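Read off the chains here:
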Amino acid sequence: MAVTARKPKAPFRETNRVIRPGETYGGIDDAILTPVLANVDKTPAWWWIGFTISAAVLVVYLVSVVKLITTGIGIFGNNIPVAWGMPIINFVWWIGIGHAGTLISAALLLFRQPWRTTVNRFAEAMTIFAVVCAGLYPILHLGRPWVFYWLVPYPNTMGLWPQFRSPLDWDLFAIGTYFTISVVFWFIGLIPDLATLRDRSKTKFQQFTYGILSLGWNGSTKAWQRYQRAYLLLAALSFPLVLSVHSTIAMDFAVAQLPGWNNTIMPPYFVAGAVFAGFAMVLILAVPLRKALKFEHLITLRHLDNAAKLMLATGMIVVYGYFIEIFTAWYSGVEFERYMIWNRMFGDHAIFFWALIFCNFVAIQPLWFRQIRQSPWALFIIAIIVSIGMWLERFVIFVVSLTKDFLPSSWADYVSTVWDWSLFIGSLGLFSTLFFLFIRLLPSIATAETKETAFHDQHHGSDAFERARMEYFNAEEPA
Amino acid sequence: MSDSQLDLTQIRARLANQEGPDYWRSLDQLADTEEFQVFLQREFPRQAAPMEAGLERRDFLKLLGASMALAGLSACARPPLAHEKIVPYVKQPDQITPGKPLFFATAVTYGGYAEGVLAESHQGRPTKLEGNPDHPASLGATAAVTQAQVLSLYDPDRSQAYANGGTASTWEDASAALAGALAALPNGEGFALLTENVTSPTLASQIEEFLGKYPAARWYQYDPLHPDNAVAGARLAFGTDATAVHDLSKAAVVVALDADFMNSGPARLADARAFADARRIRRSTDTMNRLYQFETSPSNSASLADHRVALKPSDVAALAAALAAALGVQAPNATRPAAVSNELFDALVADLKANQGTSVVIAGEDQPPVVHALAHAMNQALGNVGKTVNYLQPAAARPAVHRDELTALVAGMNDGTVKALVVFDANPVYTAPASLDFASALAKVPFTARLGLYPDETAAAVDWTIPQAHFLETWSDARAFDGTVTIQQPLILPFYNGKSAHEVMAALNGNATAAGYDIVRNYWKANVTGSFDDFWRESVYRGTVAGSRAAAANVTAGAVTAALPTAAPIELKLVLDASLLDGRFANNGWLQELPKAFSNLTWDNAALVGPATAEELKLETGDMVKLSSNGRDLEAPVWVQPGHAPGAVTLALGYGRTHAGKVGSGVGVNGYLLLDHTVSGAAAATVTKTGAQYELASTQMHHSLEGTGERRYIVRSGTLAEFKEAPEHPHFVHPVAHHEADLYPNYEYKGYKWGMVIDQTVCTGCNACVVACQSENNIPIVGKAQVSKGREMHWIRVDNYYSGSIDAPEFFHQPMPCQQCEKAPCEPVCPVGATVHDSEGLNVMVYNRCVGTRYCSNNCPYKVRRFNWLQYAELATDATEMSLANNPDVSVRSRGVMEKCTYCTQRIATARIDASNEDRKIRDGEVVTACQAACPTQAIVFGDLNDTGSRVAGVKASPLNYWMLEELQTFPRTTYLAKVKNPNPALLNSEGRG
């Protein structure tokens, strides 16, 4: 097709358009569902390679868990005073990552942001898998993991209840709720797509499986109406979780009187950090995914641009949090708080603090520029830096605060062990194994919803449609 | 039996050659082998539990447990067999009430000198030692080392078998061999006995009898714990033997010349109590004594010093001479060391002269005899004799300078005049100065035999080894420093068929079947007038023999003319280790893991150097150095010790053992390799950095109260003058504003309200409380690797802080048990309610409920909670001899649960039961916590705060009382009395500090 030589000044113009113009219902179905229904022998090599590596790393996880349960949590680097080390860092890191998924799927739905439709499915999957990875940590890092259910308020012959004042108990409720709601919300959203898969299935097995999973979906108006209502209700249920889950987790720290933890800013600061980390993870997943599955026309630069903007906004809230922590410590006049900040910035672990400032503050500044926001690989790199930064942030807040608290006699260093790392790297394997299975077996883009966004420009007249089409192709990044 | 099956002999053989760190690794490897698994399944089906808890033995104590599982197997051969009828009690035996312990008076000896104890026995099983209040060398307190003796009793590495060379033997054969060796030497010509310091009247009379029978036989004594320099010093001063006994309660001014008088020597507990009594301060109107300390490396006593100057050993001697001269004593010429300023010296002399008769000068055992002689002369010149210093006849049966005795013995062994040698207790192959080369001299003696508690270095080098019974297994007697006799009674039958020194001596005297009980009884029968049965019952019951205190010695010190030690650029001071002493307790895990005062170092000894020397030689903590002295070398790790004198190195003896046992072998470096028998004090040495590094495990990394940002008011301290300025509200006690405010009303305690107060003015940081707590509360040890990770388990720790300059800091010790906060931060954060408040205000820990989130520890500002990161304690499924040392009143905690100080809740429970049986309230003083009971200076007071007349309520009413971290509003039940010092007013600087 002949394209005009004139390149628009701005590579992208704001419209309400979500996907590439010219998409048809059938085309969208083909693009999204064909790879899912393809025979095993049609599975692309990149999937096999990725899945095999992930599964191998998952084995590391399983070995670590077995070692942990048989030997005890002494295999980690924890000590007194640093009773919480890498497992808790990783727990909060994973749970934070999940937040972007919920924000995209629930909050943006309620705010009527149609651009969410092509990214919400895999972002929700990311949420669920991240919560799985996260939720295992608090159990595994118990001294006696086999009695974790004592945190659950269940009637028992001893008449014992958990201690409801403890934030850890609320953690359990928060994570439990979060996981349950996320799974239900995700599954409800999947039903129309599962039905389409069922209808397009060629083999008995596929027909049977997707048939069971689609719960007898018949595409009637009544079904659609009820579906939409249920979906909206669940979105309304999920939305507060974006704020509440990480606020509850922040309470684990804010409630304690440890300098560096005892800070009322913790809940909003943690929520912002979670969304920040979550969008970083969305980008880390989206950039290779749209390339691998050839979804560039569905997950467009606009999506990346929006995610980057949210990352920048929440990132700057987090940076504000850093500043306020320093200010509060100084303003309090408490020698322990002041020393804690001094220790963070200039103490034994100062390198972590400054690395964190680089990752979470300096590295996101290029996002002010549209060219960067619309450069997928630049975003990919920044997102990875941010993910590392958010891990470092938790290290600095949790561990560095614990190493030196009130009595100098109890100060001690923290040295992580091989098992600390194997459990962390292993959890990455758990996450990516689940994610590879997901993109192979389920539509990673919400087909039904995406179809709602097709033919967008026709509503604005054929002229506008053609112009937009031309602009779009001009703007597309080099293959 | 197939090849793949192991039996115990093979297991023992595999383990026998492994020691120290290697041992644990090899046990681990062994545990992993298939044969071992089969063996386990066969012998201990329960031990091969699904959790693998018995096999995953990375850490120290679990390995220890395994060693005992193996070592103890031979003792497990007494199951009730079908044909052997067992019969239950028809009538309960007298005295025994199941669940109620009994206490028996006996005594533990160090260097031959007794310290009285009351041994707690649970159904015939000794579990804990408390001090005997009636004993002059205990007064109810115990030293840290004493608290650990119970563990040694159950040590499976103890000598268990009679042996001739490598072959197992019996007492009959061994005693026959002794008799044969003796018969071969007419008149005992060439027969030598080597004992430690003998104070036992019974043993002394047996030896006397032996020497009467065999007049040509010789008796030598060698005991590294023996105060050689004090004996030599007394001879130098008086020309005869006399023991100086101090009454520090009457001393207003104490001058210590390199003397850690409160933490070493036979009178340490008595001296510590008397000194503390004269120092304790509650109100500004109370009086305080004053301590001037001149010493090389920081000692526990020096932590209470009002003026302390770090001097190298020769400078201490020079100062002693200068001080003596200033007090009008004829002393060798010496220039006063530059580190002692004119002002200080003049003020000291004036202070002493103003306190004639109420002062005392004490010389330390590490100083040569001349300094002791100078101290005697000074006390005489100051009119202190008969007041603060009394001279008594020595408690030792035959006072001697042991290094001279050993030198004579080795000469005899080398020239062939010693043809048979019987060693009692002593371990000279390890403890003899390297210059004597005892081992090769021993090899020249045709017949050698040894009675010893452990198969140690000496046992490995002699022909006959005879297992010795532990002091808790034997009848004996011993004298305290002042001559008071204790008749030691056994609490349990000897585990390994061991013999006491009395029984071996009796065999030498021709009666190989005499029992210790009869020997001791017969001696006293012959030496007591009046009703023997009354005497015996009363003496054994009390733990002291009435009227046995030594007679006064009428001595006068003459002029001191002996030469002072010559100075060297670097002087090496080899000292007894505070925990292991001369090395005899090297296999005791509690003592190995006990943090050293000041450095908090565990599981190693280190060459202590001062900051100035470290800077000059470019040394840092953990650097390896080569110490050379008298032509011998030793490589040792360096510990840079603030407050250590420049130009000196201090190295603790007792480490670097090769045959200590599974725990102690290969730990640390052997200072005896530098010891020279001709040197009575410090020796000249050189220090060379080797470039290698060594990891030292300390339980405290940061010791400075400053340099941590703004000053933290953790240890609050001031001077007596400051206290007098504001008697009701001394500023130094409350340096920051504090207001009590809480949203919630306070809980009202209607019954008891337990509380504790710790007096920092008299705490010497001796660690007795730490081991007492460990013994009382079944606290496991974790090994060096775990300590390095910061996982030691002590429920009470002694925090050591420095303040001021690094060369001459002030020292602070702060015992830190759980503070039992009224508003405890640990409680609301536990998700399962495993740590809760009880109706008497205790912050209790419910082990069974704990899931191990460790949130409580994170939220504890005092960091007193301890977590079982791994299975540190022995599991019930592999119970061993070691578990016999456990207190049955306290749970043994499993892996994954939090634990902490409970104010000895089991002791409160016992008192509550007793009180309710008698329908009364618990009396003040009825509940004594383990730490409180052990404390030599009575720095810890515990009781009911609701009882206004209680001692603890009275002490807490002192204006010096303060809460740790009071701004956190945790309202701790444990409070502290600010440390008050009493510097000489003539020396107050502009800040009002000394």
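Please read these numbers as outputs of a predicted model, since none were measured by experiment.

(A) Quick peek at the overall build of chain B. Across its full length, chain B carries 30 helices and 39 strands. For chain B, with 994 residues in total, the buried portion stands at 60%. Put simply, 74% of the contacts in chain B that link residues at least 6 apart link residues at least 24 apart.

(B) Structural detail: the interface of chain A and chain B. Taken together, the 42 residues of chain A in the interface contact 47 residues of chain B. Elements that contribute at least two residues to the side of chain A that touches chain B include exactly α2 (45–71), α5 (167–200) and α10 (335–346) of chain A. Of the residues that constitute the side of chain A that touches chain B, the class distribution is 24 nonpolar, 12 polar and six charged.

(C) Structural detail: the nonpolar core. Counting 433 residues, the largest nonpolar core has Leu-257 and Leu-374 of chain B as its most contacted members. With 18 residues, the top contributor of residues to this core is helix α8 (residues 266–292) of chain A. The residues contacting Leu-257 of chain B, other than those within four sequence positions of it, are Phe-294, Val-316, Ala-320, Val-361, Ile-362, Ala-363, Gly-364, Gln-367, Val-371 and Ala-375 of chain B.

(D) Main features of helix α24 (residues 768–776) of chain B. All names here are of chain B. Counting buried positions along α24 yields nine of nine residues, so the element is predominantly enclosed. Along α24, the residues classified as buried are Ala-768, Cys-769, Val-770, Val-771, Ala-772, Cys-773, Gln-774, Ser-775 and Glu-776. Two residues or fewer after α24 comes Asn-778, characterised by a positive phi angle close to 55°.

(E) Region of interest: the domain arrangement of chain B. Residues and elements named next belong to chain B. In terms of domains, chain B is made up of domain 1 (162–226 + 398–542), domain 2 (228–392), domain 3 (571–698) and domain 4 (717–739 + 752–865 + 900–985). Each of domain 2 and domain 3 has a C-alpha centre, and the two are 26 Å apart. Listed as interface residues are 17 residues of domain 2 and, on the opposing side, 20 residues of domain 3. Where the side of domain 2 that touches domain 3 is concerned, the elements lending two or more residues are α9 (228–238) and α11 (313–326). When grouped by side-chain class, the residues that make up the side of domain 2 that touches domain 3 number seven nonpolar, eight polar and two charged.

(F) Quick peek at the sheet that holds strand β19 (residues 571–575) of chain B. Residues and elements named next belong to chain B. Strand order in the open sheet formed by seven strands is β25-β19-β24-β21-β23-β22-β26, and the pairing between neighbours is mixed. Where the open sheet ends on each side, the last strands, each with one partner, are β25 (683–684) and β26 (686–693). As paired elements, β19 and β25 share two bridges and run antiparallel to each other. The residue of β25 that forms the bridge with Glu-571 is Ala-684.

(G) View of the packing of α11 of chain B against helix α13 (residues 369–381) of chain B. Residues and elements named next belong to chain B. Between α11 and α13, the least distance of the axes is 10 Å, while the angle of their chain directions is 25°. Between α11 and α13, the interaxial angle falls into the category roughly parallel. In this structure, the crossing between α11 and α13 has a hand that is left-handed. Contacts between α11 and α13 involve Val-316, Ala-317, Ala-320, Ala-321, Leu-323 and Ala-324 on the former and, on the latter, Val-370, Val-371, Leu-374, Ala-375, Ala-377 and Met-378.

(H) Summary view of unusual backbone geometry. With an omega of 20°, the peptide bond running from Ile-80 of chain A to Pro-81 of chain A counts as cis. Tracing the backbone shows Pro-81 of chain A in the loop between α2 and α3 (86–110). Its identity is not glycine, yet Asp-258 of chain B carries a phi of approximately 55°, on the positive side. Among the structural elements, Asp-258 of chain B can be located in the loop between β9 (253–257) and α10 (268–277). Its identity as a non-glycine residue notwithstanding, Asn-778 of chain B has a phi of 55°, on the positive side. Tracing the backbone through its elements, the reader meets Asn-778 of chain B in the loop between α24 and α25 (784–788). Residue classification places Asn-778 of chain B among the buried residues on the basis of 20 C-beta atoms within 10 Å.

(I) Inspection of the packing of α8 of chain A against helix α13 (residues 376–403) of chain A at higher detail. Residue and element names in this part refer to chain A. Two numbers describe how α8 lies on α13: the axes approach to 8 Å, and their chain directions differ by 140°. As far as their axial angle goes, α13 and α8 are oblique. With respect to the hand of their crossing, α8 and α13 are arranged in left-handed fashion. In this structure, α8 contributes Gly-273, Phe-276, Ala-277, Ala-280, Met-281, Leu-283, Ile-284 and Val-287 to the contact, and α13 contributes Pro-376, Trp-377, Leu-379, Phe-380, Ala-383, Ile-384, Val-386, Ser-387, Met-390 and Glu-393. Partitioned by chemical class, the residues of the contact of α8 with α13 number 15 nonpolar, two polar and one charged.

(J) Structural detail: the sheet that holds strand β14 (residues 420–424) of chain B. Residue and element names in this part refer to chain B. Read across the open sheet, the seven strands follow the order β5-β4-β16-β15-β14-β6-β7; overall the sheet is mixed. The strands lining the two open edges of the sheet, one partner per strand, are β5 (167–169) and β7 (218–221). Taken pair by pair, the neighbouring strands of this sheet meet at an average axis angle of 20°, ignoring direction. Relative to β5, strand β4 (residues 162–164) is paired through three bridges, and the arrangement is antiparallel. Bridging across to β5, Ala-163 finds its partner in Ala-168.

(K) Looking closely at the pairing of strand β15 (residues 447–452) of chain B. Residue and element names in this part refer to chain B. Of all six residues making up β15, six are buried, and the element is well covered by its neighbours. Where β14 lies against β15, five bridges are found, and the strand directions are parallel. Paired with Ala-420 across the two strands is Phe-447, which belongs to β15. For β15 and strand β16 (residues 464–467), the ladder comprises four bridges, and the chain directions are parallel. The partner of Leu-451 across the bridge, within β16, is Ile-466.

(L) Summary view of the environment of Asn-588 of chain B. All names here are of chain B. Within the secondary structure, Asn-588 sits in the loop between β19 and α21 (589–592). As a C-alpha pair, Asn-588 and Pro-394 span 194 residues in sequence and 31 Å in three-dimensional space. In contact with Asn-588, other than residues within four places in its own chain, are Ala-148, Leu-151 and Ser-152.

Definitions and cut-offs
Residues numbered from 1 in each chain as written. Chains lettered and ligands numbered in written order. Predicted model: local features only at pLDDT ≥ 70, side-chain atom pairs only at ≥ 80, totals over all residues. Helix = DSSP H or I, 4+ residues; strand = E, 2+ residues; numbered from the N terminus. Buried ≥ 20, exposed ≤ 12 C-beta atoms within 10 Å, placed from the backbone. Contact = placed C-beta atoms within 7 Å. Nonpolar A, V, L, I, M, F, W, Y, C, P; charged D, E, K, R; others polar. Core = buried A, V, L, I, M, F, W, Y, C linked by C-beta atoms within 7 Å. Domains from an automatic or database assignment. Pairing = 2+ DSSP bridges. Axes fitted to C-alpha atoms, helices over the stretch in contact; angles between N-to-C directions. Parallel < 35°, antiparallel > 145°, perpendicular 65-115°, else oblique. Left-handed = near helix turned anticlockwise from the far one by under 90°.

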